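Letter by letter, the chains look like this.
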Amino acid sequence: MSQMNPVTVEWLQSINAIKDVPAPQLQWFIDNSEHYIVPAGGFIFEEETPANRTIVIIAGRVRLYWMQGNEAREVAVLEPKAITGYLPFSRAVVANVNGEAQEDTEVLCMPKDKLYEAVRLHFELTQALVHIMSDRVRATTSYEQQHEKMMALGKLSAGLAHELNNPATAIIRGATSLKQHLKLVPETFKSIMAIRMTVEQVDSVNHHLFAILQQTERPTLTLMQRSEREDELIDWLDGYKVDNAMEIAENMVDFGFTVQHLDEFKDNIPDASLSAVFNWINENLVTERMVTDIEDASRRIESLVKSVKVFTHMDKGHDKQLTDVHSGIQNTLVLLQHRLRKGNIELVEHYDTTLPPIQAYVGELNQVWTNLIDNALDAMEPQHKGVLEIHTEKDGNNCIKVSVIDSGPGVPADIQSQVFNPFFTTKEIGKGTGLGLDIVQRIVITQHKGTVKLSSVPGRTQFSVSLPIRG
């Protein structure tokens, strides 16, 4: 870009945001602005430098980004006719992003002190620029809210992936072992085919076996008690020359077998067939244990998927609905289990289960619980241990109260009044955008007409959310 043509009122009127500004005011803008070229790779402004100019991009492209650690995070790319920089009534003192020219870029810049004059003398121009600022604030807030949600989603996804990996691995391992086990069944089948037993004896063996398998409560044995029980079963099995006595005894102890059970089986089995029958019983026990492990792992996956579905409220509409807050809290805790275990966090729950359901936006309320619990876990993370308490109780006659309490170092008194401000954060770069508590406040206060309060001293930080029962 070697030469610049003068900027005209007609050209400025082609910008949609200022097309209705009277021509004399646009000419005043041109006359009081600097017109120059920023070379490719140069900056029209940089982070933390004074915000002291209103800038119109005449030609070229400008990349807006900020730095997170050593990483550049792109916000937007400005094309010709974009208006940026300082705008009327903005509280910005310094730029919060970098504006880098991606090619030679022609700009028209009005100094900040001239803009003060525009506010006094040119109403329509000021009004148009204020509208641009409002649109920019909405766009920035929307971007930050989306970024905050994506960070929260990333944390939940990481925890969920970890939680799903364990049962998924157990299913694969169990299925592989079961397949190998079933290959051994033909050998047992040969022995079984040689057995001569009456129908009544076979029915009796089946009855005793499945009666034991259906027992839901089995005594919990100490290591010493288990060893003694195994020795008793091994002695009994060896006494009747049953093959694989040690393996059979180990498996039988898992299912609660006693010597009395073996005696009951023996009453209906010919002595010559004892070894074959007890090895057949053992095969059934091994198969039962493998299938049970697969079933338990599958139920864990089902539970996690159900929690995700309820947490996101994907199968419901977006209107307020009657909901039990405990359901949302429990599903949030399921999705954050990995962080609780990883952080060595003790969970203490005090729920008033007599609380009535409330009218609420369920998905948004789940975001509140996620942000508050996630913040509590972040606060305790440096300690590598801590206590997370969650309380629910009645708050007067018309509200319920949910409190999330952590044993972290606390929020310093001089910044407690700022924690709900947009973009305020004490977390290191890359770990937070400062919108988590702002989102909590807007969901609780704006959408649900409730309140959210903070009280904090070292060792105890409590966020209390009060929600009306009838929204």
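Being a predicted model, the structure only gives us computed values, none of them experimental. (Residues numbered from 1 in each chain as written. Predicted model: local features only at pLDDT ≥ 70, side-chain atom pairs only at ≥ 80, totals over all residues. Heavy atoms only, no water.)

**Some words on the nonpolar core**
Here is step 1 of the chain: In this structure, Trp 369 and Leu 388 are the most contacted members of the largest nonpolar core, which totals 35 residues.
Here is step 2 of the chain: When contributions to this core are tallied by element, the ones reaching two or more residues are helix H11 (325-335), strand S11 (358-360), helix H13 (362-380), strand S12 (386-395), strand S13 (399-406), helix H14 (436-447), strand S14 (451-457) and strand S15 (460-468).
Here is step 3 of the chain: For this core, the element with the most residues is H13, which contributes eight residues.
Here is step 4 of the chain: In terms of nonpolar packing, the next biggest core, distinct from the first, is built from 26 residues, Ile 195, Leu 209, Leu 233 and Phe 278 among them. (Core = buried A, V, L, I, M, F, W, Y, C linked by side-chain atoms within 4.5 Å. Buried < 20%, exposed > 50% of the residue type's maximum accessible area, 1.4 Å probe, protein only. Helix = DSSP H or I, 4+ residues; strand = E, 2+ residues; numbered from the N terminus.)

**Describing the sheet that holds strand S3 (residues 53-59)**
Here is step 1 of the chain: On the basis of which strands lie adjacent, the open sheet formed by four strands has the order S1-S8-S3-S6 and antiparallel pairing. The open sheet has two free edges, formed respectively by strand S1 (34-38) and strand S6 (83-85), since each of these has just one partner strand. Taking each pair of neighbouring strands and ignoring which way they run, the sheet shows an average axis angle of 35 degrees.
Here is step 2 of the chain: One ladder, built from three bridges, connects S3 with S6; its direction is antiparallel. Bridging from a neighbouring strand, Thr 54 pairs with Gly 85 of S6.
Here is step 3 of the chain: Across the face of the sheet, helix H2 (residues 23-31) comes into contact with S3 and strand S8 (105-111) while running at roughly 100 degrees to S8.
Here is step 4 of the chain: Relative to S8, helix H3 (residues 112-121) is tilted by about 60 degrees, and along the sheet it contacts S3 and S8. (Pairing = 2+ DSSP bridges. Axes fitted to C-alpha atoms, helices over the stretch in contact; angles between N-to-C directions. Contact = heavy atoms within 4.5 Å.)

**Observations concerning the pairing of S13**
In the case of a regular strand, side chains alternate between the two sheet surfaces.
Here is step 1 of the chain: Across the eight residues of S13, six count as buried, placing the element largely inside the fold.
Here is step 2 of the chain: Here eight bridges tie S12 to S13, and the two strands are oriented antiparallel to one another. Counted as the bridge partner of Asp 395 is Cys 399 from S13.
Here is step 3 of the chain: Counted between consecutive antiparallel strands, the loop separating S12 from S13 contains three residues, among which Gly 396 sits at a positive phi close to 75 degrees.
Here is step 4 of the chain: Where S13 and S15 come together, eight bridges link them in antiparallel fashion. When the sheet's bridge partners are listed, Lys 401 is paired in S15 with Ser 466.

**Brief notes about the packing of aromatic side chains**
Here is step 1 of the chain: Under the defined criterion, the tally for this structure stands at four aromatic pairs.
Here is step 2 of the chain: The interplanar angle of 10 degrees and the centroid separation of 6.1 Å between the aromatic rings of Phe 257 and Phe 265 together place this pair among those described as stacked.
Here is step 3 of the chain: Relative accessible area serves as the criterion here: at 1%, Phe 265 is assigned to the buried category.
Here is step 4 of the chain: Ring centres of Phe 265 and Phe 278 lie 6.0 Å apart, and the angle between their planes is 75 degrees; on these two criteria the pair is classed as edge-to-face. With a gap of 13 residues between them, Phe 265 in helix H9 (residues 259-266) and Phe 278 in helix H10 (residues 274-312) connect regions that are remote in the sequence. Phe 278 shares its class with Phe 265; the two are buried.
Here is step 5 of the chain: Linked through ring pairs, Trp 236, Tyr 240, Phe 257, Phe 265 and Phe 278 together constitute an aromatic cluster. (Phe/Tyr/Trp six-rings, centres within 6.5 Å; stacked < 30°, edge-to-face > 60°.)

**Some remarks on the pattern of salt bridges**
Here is step 1 of the chain: Counted by the stated rule, this structure contains eleven salt bridges.
Here is step 2 of the chain: Glu 74 is paired through a salt bridge with Arg 63; the nearest N and O atoms lie 3.0 Å apart. Here Arg 63 lies in strand S4 (residues 62-68) and Glu 74 lies in strand S5 (residues 71-78), a separation of eleven residues in the sequence.
Here is step 3 of the chain: Residue Glu 74 is classed as partly exposed on the basis of its relative accessible area, which comes to 41%. (Salt bridge = Lys/Arg side-chain N within 4 Å of Asp/Glu carboxyl O.)

**Concerning the pairing of S15**
Here is step 1 of the chain: The element S15 is largely enclosed, with a buried count of eight among its nine residues.
Here is step 2 of the chain: Summarising the sheet, S14 and S15 pair through seven bridges and their orientation is antiparallel. Across the sheet, Ser 455 pairs through a bridge with Gln 462, a residue of S15.

**Details of the sheet that holds S15**
Here is step 1 of the chain: An order of S10-S12-S13-S15-S14 is seen for the five strands of this open sheet, with the pairing classed as mixed. Only two strands of the sheet have a single neighbouring strand rather than two, namely strand S10 (345-350) and S14. On average, each strand axis in the sheet is inclined to that of its neighbour by 15 degrees, with strand direction left out of account.
Here is step 2 of the chain: Sheet contacts for H11: S10, S12 and S13; angle to S12, the most-contacted strand, approximately 170 degrees.

Treat this as a map of the structure, not an account of what it does.
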